[in-house]
Amino acid sequence: MSCITSRIDSVALIGAGTMGREIAWACARSGVDVRLFDVKPDVAADALTTVSRWLSDDGHPDSIQHLRRFDDLCEALAEVDLAFECVPEDLPLKRKVHAQISKVLPESALQGSNSSVLTPSEIADGLPGGAKFFCMNFTHIRSGERLAEYMGGPRSDPAIARIASEWALRIGMTPIVLEREILGYVQNRIWRAIKKEALYLAASGYASIEDIDRGFVLSWGVSEGPFRIMDKVGLDTVLRIEHEYFRRSGNDDDRPPAMLEDLVAEGKLGVQSGEGFYCYDNDVAPRQAK
Ligand SMILES: NC(=O)c1ccc[n+]([C@@H]2O[C@H](COP(=O)([O-])OP(=O)(O)OC[C@H]3O[C@@H](n4cnc5c(N)ncnc54)[C@H](O)[C@@H]3O)[C@@H](O)[C@H]2O)c1
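Remember, it's a predicted structure, so these values are computed and weren't measured experimentally.

**Let's talk about the packing of helix H7 (residues 187-203) against helix H9 (residues 226-233)**
- It is the contact of H7 with H9, at a shortest axis distance of 10 Å, that shows an interaxial angle of 110°. Classified by the angle their axes make, H7 and H9 are roughly perpendicular. For the pair H7 and H9, the contacting residues are Ile194, Lys195 and Ala198 in the first and Pro226, Phe227 and Met230 in the second.
- Residues of the contact of H7 with H9, tallied by class, amount to five nonpolar, no polar and one charged.

In structure tokens form, the structure reads like this:
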């Protein structure tokens, strides 16, 4: 693959929700040009405003010049080095979006996904240009979490791991490269085991959400427990991922608890909606949900 870019200087972020915004912020403040696109133009507009405010508040007002938003996917993808997809964790949706992207993406540009569990083989199955495809799962950059897990598929060109890792390093992340693909990456599988057990214990009435979180923080020397983290991730995203594991295994043991289903059905999605397992007066101060 001689024609692919050797360095990521411009990124189209497809999906301007929770993660699209965080990655946009990290890119812009590191001098990487960002082109924001969302299927909902008002969401893309809001993302542009929010990320600009973050950059300004963080003392990087000059970096706002690296941000642009587009209402048209083709225009967003013109002349970029990477199209990085951040749409919800839904395999048919991701496959559809990547098929659209690959039709208009410059030949030299890479194509990536921020998927939390899905493998490159699944998302890019049958995709022309699948050798340029990779997954990279970003943690919450603005909270200071700096991990980016790279996962290539059997079709991914080995050079992509280096290019994607250099991009991650440039925007302040620490990349780790999986040797081969697996559903859920490495850290998300470990996180999944914790989250599943925490949900089971609370949903079955063995301990309160607050005590589980408090105990976890004290035991592991970390700043947040699993319920606080799930609120930050977004309970709709958490539920989608749990459904994906359940869909694959069919084990009743993997079925998401009604407690989680109910919160999502009520629109209590965590920090983003102001209430989830906890209530939020603003995006940093949780108080106990009633
Ligand atoms: N939230 C997290 O903590 C987190 C962490 C790591 C990875 N991820 C993964 O990142 C991806 C995005 O998650 P998120 O939490 O940012 O989701 P989100 O729901 O906050 O944002 C998704 C955005 O995609 C947009 N969208 C939907 N369909 C689209 C389409 N066809 N074209 C363009 N935009 C479209 C939506 O309008 C929305 O704004 C998922 O795969 C998720 O699993 C999430």
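**Looking at the site of the ligand**
- Taken together, 26 residues surround the ligand, and among them Gly15, Gly17, Met19, Glu89 and Ser116 come closest.
- Listed by contribution, the elements that provide at least two residues to the shell around the ligand are helix H1 (18-29), helix H4 (91-104) and strand S6 (133-138).
- The element that contributes the greatest number of residues to the shell around the ligand is H1, accounting for three residues.
- Across the shell around the ligand, the residue classes break down as twelve nonpolar, eleven polar and three charged.
- For the shell around the ligand, the domains that each give at least three residues are domain 1 (10-177) and domain 2 (187-288).

**Looking at helix H2 (residues 41-57)**
- Given a rise of 1.5 Å per residue, 17 residues ought to cover 24 Å, and the 24 Å separating the end C-alpha atoms of H2 matches this to within 8%.
- Every buried residue belonging to H2 is among Ala44, Ala47, Leu48, Val51 and Leu55, and all of these are buried. In an axial view of H2, the angular spread of the buried residues amounts to 100°, which keeps them on one side of the axis. What points out from H2, more than 90 degrees from its buried face, is the exposed set Asp42, Thr49, Arg53 and Asp57.
- Looking at the buried residues of H2, the elements they touch are H1, strand S2 (33-37) and strand S3 (67-70).
- In the stretch just after H2, Gly59 is the one whose phi turns positive, near 80°.

What counts and what doesn't
- Residues numbered from 1 in each chain as written.
- Predicted model: local features only at pLDDT ≥ 70, side-chain atom pairs only at ≥ 80, totals over all residues.
- Axes fitted to C-alpha atoms, helices over the stretch in contact; angles between N-to-C directions.
- Helix = DSSP H or I, 4+ residues; strand = E, 2+ residues; numbered from the N terminus.
- Parallel < 35°, antiparallel > 145°, perpendicular 65-115°, else oblique.
- Contact = placed C-beta atoms within 7 Å.
- Nonpolar A, V, L, I, M, F, W, Y, C, P; charged D, E, K, R; others polar.
- Near = placed C-beta within 6 Å.
- Domains from an automatic or database assignment.
- Expected span 1.5 Å × (residues − 1).
- Buried ≥ 20, exposed ≤ 12 C-beta atoms within 10 Å, placed from the backbone.
- Arc of directions from axis to C-beta.

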